[in-house]
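# Commentary on secondary and tertiary structure
For reference, the chains in residue letters:
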Amino acid sequence: MPKFLARKRFPEMDLLEALIEELGDWARVEIIKQVSYEERSFPLYVVQVGSTDPKAPALGFFGGVHGLEKIGAEVVLSHLSTVASLIKWDKSFQQRLESSRMVFMPIVNPVGIVLRRRSNGQGVDLMRNSPVEAEGPLSAARLYQGQSISPQLPWFRGYGELEPEAQALCEVVRRWLFPSQLAMAIDVHSGFGSRDRMWFPYAYSRRPCPHIGQIHALKGLFDHSYPHHFYAIEPVSRQYTIHGDLWDYLYLEHQQQVQEEKGQQVQRGFIPWTLEMGSWMWLRKNPSQLFSRFGAFDPVKPHRRERILRRHLNLFDFVQRSLLAPESWFYLAEEDLARERAAALELWYA
Ligand SMILES: [Zn+2]
């Protein structure tokens with residue numbers, strides 16, 4: 001077996017560990033699991049700042065699920081770096097964190113990042129690894145929906161169990177996002193496409209998810225507050241349906257728990273988002289990237305990388321503030337919610 005990995009540098013992990021050092025007592029840090037490959041072991045870190053009240057509104061950031069799209073990890077690390085600075089002097093930011101929590105898991109798939117491949121060390125695509133089955137019509141030719149044929153082919157779903165990285169992600173979400181009165185997660189990816197997309201569930205079904213009214217209301221706040229924003233906000237299933245999405249899996253699990261608690265006066269909400277950064281924009285300006293092994297999903301030129309690292313700061317800030325005003329979009333009066341729901345059906349599912 002080639003000892004390729006032993007010599008590889010891992011600047012993203014170095015940056016994460018430097019930020020953990022910088023945050024010091026401002027953050028709570030845990031290693032959820034270690035994953036090993038070729039005698040080298042990597043920690044799966046989770047870094048938290050803000051309220052320790054389990055019910056406090058909570059926002060999770062996840063990156064590097066697909067190793068090839070390491071720009072996703074970099075975007076999350078860049079945001080963590082901003083947080084590590086603001087937390088020490090910005091009084092309004094400190095106030096937000098008194099009543100809410102931020103949870104960072106910037107490097108979900110370290111082996112994939114070091115090996116520069118989409119899957120983890122076992123060849124499993126973590127975003128096809130959950131037991132959720134896509135609803136038809138399915139085509140056998142569409143491998144990207146998730147396949148169980150071979151880890152040598154892309155989009156391999158795995159061996160019937162959650163991979164360690166997927167387990168770790170689920171554990172983080174269950175422990176620090178699920179108990180919250182309102183939580184959101186943003187999982188940062190990059191793919192082909194000409195736009196940056198904010199995707200909400202479902203990925204497995206073209207049916208509307210239970211929160212489309214609230215999501216439409218949140219979109220309304222965003223559109224009105226940032227009229228020149230450039231995001232396409234839509235259900236994943238508008239682009240494609242896939243097997244094994246981890247966010248579908250967690251979202252369905254949370255829904256199930258909330259159903260079981262009905263009548264107990266518990267208020268809990270959880271909405272996972274996938275930020276799919278469109279890389280066609282980078283390709284158009286630098287088409288030779290298509291021929292480099294991982295360039296297709298990564299902006300190679302330094303100035304372009306910097307632009308992408310700061311591109312989403314308004315969005316992240318907006319999402320955090322929206323969690324502190326849940327009565328403006330999540331916990332709506334019945335007739336308002338019905339109106340938002342009707343508008344959502346019209347917009348996304350007509
Ligand atoms: Zn991805």
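All of the points below concern the structure found in this document. (Residues numbered from 1 in each chain as written. Predicted model: local features only at pLDDT ≥ 70, side-chain atom pairs only at ≥ 80, totals over all residues. Heavy atoms only, no water.)

What the protein contains, in helices and strands, is eleven helices and eight strands. For a compact globule of 350 residues, the expected C-alpha radius of gyration is about 20 Å, and the protein comes in at 20 Å, within 12% of that figure. Referenced to the eigenvectors of the C-alpha coordinate spread, the extents of the protein come out at roughly 60 × 50 × 40 Å. Residues classed as buried in the protein amount to 55% of the 350 residues present. For the protein, the accessible surface area stands at approximately 15700 Å², while carbon and sulfur atoms represent 52% of it. The averaged location of the 40 negative side-chain charges in the protein is 7 Å from the averaged location of its 41 positive side-chain charges. (Helix = DSSP H or I, 4+ residues; strand = E, 2+ residues; numbered from the N terminus. Rg over C-alpha atoms; globule rule 2.2 N^0.38 Å. Buried < 20%, exposed > 50% of the residue type's maximum accessible area, 1.4 Å probe, protein only. Areas by Shrake-Rupley, 256 points an atom, 1.4 Å probe, with all protein chains shown as cover. Lys, Arg positive; Asp, Glu negative; His and termini not counted. Charge placed at Lys NZ, Arg CZ, Asp CG, Glu CD.)

Every protein donor of the zinc ion is accounted for by H66 (ND1), E69 (OE), E69 (OE) and H189 (ND1), and the metal-donor separations fall at 2.1 to 2.4 Å. Given four donor atoms and angles of 55 to 147° at the metal, the environment of the zinc ion is assigned as irregular. Here the donor residues for the zinc ion map to a single chain with the spacing H-x2-E-x119-H. Of this pair, E69 sits in the loop between strand 3 (58-63) and helix 2 (70-89) while H189 sits in strand 5 (residues 183-191), and the two are 120 residues apart along the sequence. Taken as a pair, E69 and H189 share a single burial class, namely buried. (Donors = N, O, S within 2.8 Å, 3.2 Å for Na, K, Ca; no water. Tetrahedral: all angles 85-135°; square planar, octahedral: opposite > 155°, others 65-115°.)

What follows covers the pairing of strand 3. Of all the six residues making up strand 3, six are buried; the element is thus mostly covered by neighbouring parts of the structure. Side chains A58, G60 and F62 of strand 3 all project onto a buried face; the interleaved residues L59, F61 and G63 project onto the opposite face, where all are buried too. In this sheet, strand 4 (residues 101-105) lies alongside strand 3 in parallel orientation, the contact comprising five bridges. Looking at the pairing, F62 lines up with M105 of strand 4. Bridge analysis of strand 3 against strand 5 gives six bridges, and the strand direction is parallel. Bridging across to strand 5, G63 finds its partner in V188. (Pairing = 2+ DSSP bridges.)

Contact geometry for helix 1 (residues 11-23) and helix 2: axes closest at 10 Å, N-to-C directions at 15°. If you check the angle between helix 1 and helix 2, you find them roughly parallel. For the crossing formed where helix 1 meets helix 2, the hand is left-handed. Here helix 1 contributes E12, L15, L16, L19, E22 and L23 to the contact with helix 2, which in turn contributes K70, E74, L77, L80, S81, A84, S85, I87 and K88. Within the contact of helix 1 with helix 2, the residues separate by chemical class into eight nonpolar, two polar and five charged. (Axes fitted to C-alpha atoms, helices over the stretch in contact; angles between N-to-C directions. Parallel < 35°, antiparallel > 145°, perpendicular 65-115°, else oblique. Left-handed = near helix turned anticlockwise from the far one by under 90°. Contact = heavy atoms within 4.5 Å. Nonpolar A, V, L, I, M, F, W, Y, C, P; charged D, E, K, R; others polar.)

Let us look at the side chain of D248. Examined against the element boundaries, D248 turns out to sit in helix 7 (residues 246-260). One buried charged side chain, D248, makes no salt bridge at all; its nearest oppositely charged neighbour is R207, positioned 9.0 Å away. (Salt bridge = Lys/Arg side-chain N within 4 Å of Asp/Glu carboxyl O.)

Considering all chains together, one arrives at 19 salt bridges under this definition. Residue K88 is joined to E22 by a salt bridge in which the shortest nitrogen-to-oxygen separation is 3.9 Å. You can see K88 sitting in helix 2 and its partner E22 sitting in helix 1, a full 66 residues away along the chain. Here K88 falls in the partly exposed class, since its relative accessible area comes to 37%. Exposure remark for E22: the relative accessible area of 39% places this residue in the partly exposed category. Among the salt bridges present, the one from R174 reaches E253, with a minimum N-O distance of 2.7 Å. In this pair, R174 is assigned in helix 5 (residues 164-176) and E253 in helix 7, connecting sequence segments 79 residues apart. A network of salt bridges, in which partner residues are shared, links E12, K70, E74 and R305.

Bringing unusual backbone geometry into the picture now. For the peptide bond that leads from P201 to Y202, omega is 10°, which places it in the cis range. Positionally, Y202 belongs in the loop between strand 6 (196-200) and helix 6 (212-225). Here E38, not a glycine, exhibits a phi torsion of approximately 45°, which is positive. Within the secondary structure, E38 is located in the loop between strand 1 (28-37) and strand 2 (40-50). A relative accessible area of 13% places E38 in the buried class. Positive phi values are uncommon outside glycine, yet E39 reaches one of about 70°. Considering the arrangement of structural elements, one finds E39 in the loop between strand 1 and strand 2.

Purely spatial values, then, with no claim about function.
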